[in-house]
Amino acid sequence: KGGTAIFPGGFGTGKTILEQAIAKFADVDVVVYVGCGERGNEMAEMIEEFETLKDPWTGRRLMERTILVVNTSNMPVAAREASIYTAVTMAEYYRDMGYHVLFLADSLSRWAEALREISSSLQEMPGEEGYLTYLSSRLSAFFERAGMVETVGGRTGSLTMILSVSPPGGDFTEPVTQACLRTAGAFLMLD
């Protein structure tokens, strides 16, 4: 608890299904799931499924411990960037209250693409493959938000991050995957 992991894999390798399975069975108090730039129909199916599932730990509805932040691919780029930060701030809030929180993001690649578009609009100097030159430090700062805390009341809370990365064409040498591999505590490569 309190660690970070990534799932890099090309399209169709099962990243979303794996994250949703983890969300269903994770031994945590709160699950925060952010769909960043996902297709609307996928998000609708997930919400519908989560409404019918029971939490294996409590026997109650799974949605009672799940927060969904959904930003579909047809939404503005700025919303895509904001969705990740909004969701992680919610996760930190519950962690700081002494709860064990699982943060799932699908996908960091779409977030990085949004950052690239915003950086381009601001006419910042582009880095590798047009991404912002400070992509690695931005991702590192994001990963640093995971961890365990002891509250003033003496409770222990944790924020665990499991994040998917969708390298175009399954190319793991691209900048987003490489920046995440340097920072994450663990990874499962899907092919």
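Note: the structure precedes this text.
Each chain has its residues counted from 1, following the order in which its sequence is written. The predicted nature of this model means local features are confined to residues of pLDDT at least 70 and side-chain atom pairs, given and counted, to a pLDDT of 80 or more, with totals for whole chains, interfaces and linings taken over all residues. Processing note: side-chain calculations cover all non-hydrogen atoms of the structure and skip hydrogens and water entirely.

A. Expanded view of the state of the cysteines. Any pair of cysteine sulfurs within 2.5 Å is marked as a disulfide. A complete count under the given rule lists zero disulfides for this structure. Sulfur of Cys36: no disulfide; nearest cysteine sulfur belongs to Cys180 and is 12 Å away. Three exposure classes are used, based on accessible area relative to the maximum for each residue type with a 1.4 Å probe and protein chains only: buried under 20%, partly exposed in between, and exposed over 50%. For Cys36, a relative accessible area of 0% corresponds to the buried category.

B. Highlighting the pattern of salt bridges. In the sections that follow, a salt bridge refers to a side-chain nitrogen of Lys or Arg positioned within 4 Å of a carboxyl oxygen of Asp or Glu. Taken as a whole and judged by the stated rule, the model has eight salt bridges. Across the salt bridge formed by Glu51 and Arg61, the nearest N and O atoms sit 3.0 Å from each other. Separated by ten residues along the polypeptide, Glu51 in helix α2 (residues 40–52) and Arg61 in the loop between α2 and β3 (66–72) bring together distant segments of the chain. Glu81 is the partner of Arg138 in a salt bridge, and the nearest nitrogen-oxygen pair spans 3.5 Å. On the criterion of sequence distance, the pair formed by Arg138 in helix α5 (residues 135–143) and Glu81 in helix α3 (residues 77–96) is long-range, its members being 57 residues apart. On the basis of relative accessible area, Arg138 is assigned to the partly exposed category, the value being 23%. In DSSP terms, a helix is any run of H or I states spanning at least four residues, a strand is any run of E spanning at least two, and both are numbered starting from the N terminus.

C. Region of interest: the environment of Gly35. Tracing the chain through its elements places Gly35 in strand β2 (residues 30–38). Residue classification places Gly35 among the buried residues on the basis of a relative accessible area of 0%. Throughout, a residue-residue contact means that at least one pair of heavy atoms, one from each residue, lies within 4.5 Å. Once you skip the residues sitting within four places of it in the chain, Gly35 turns out to touch Met43, Val69, Val70, Asn71 and Asp106.

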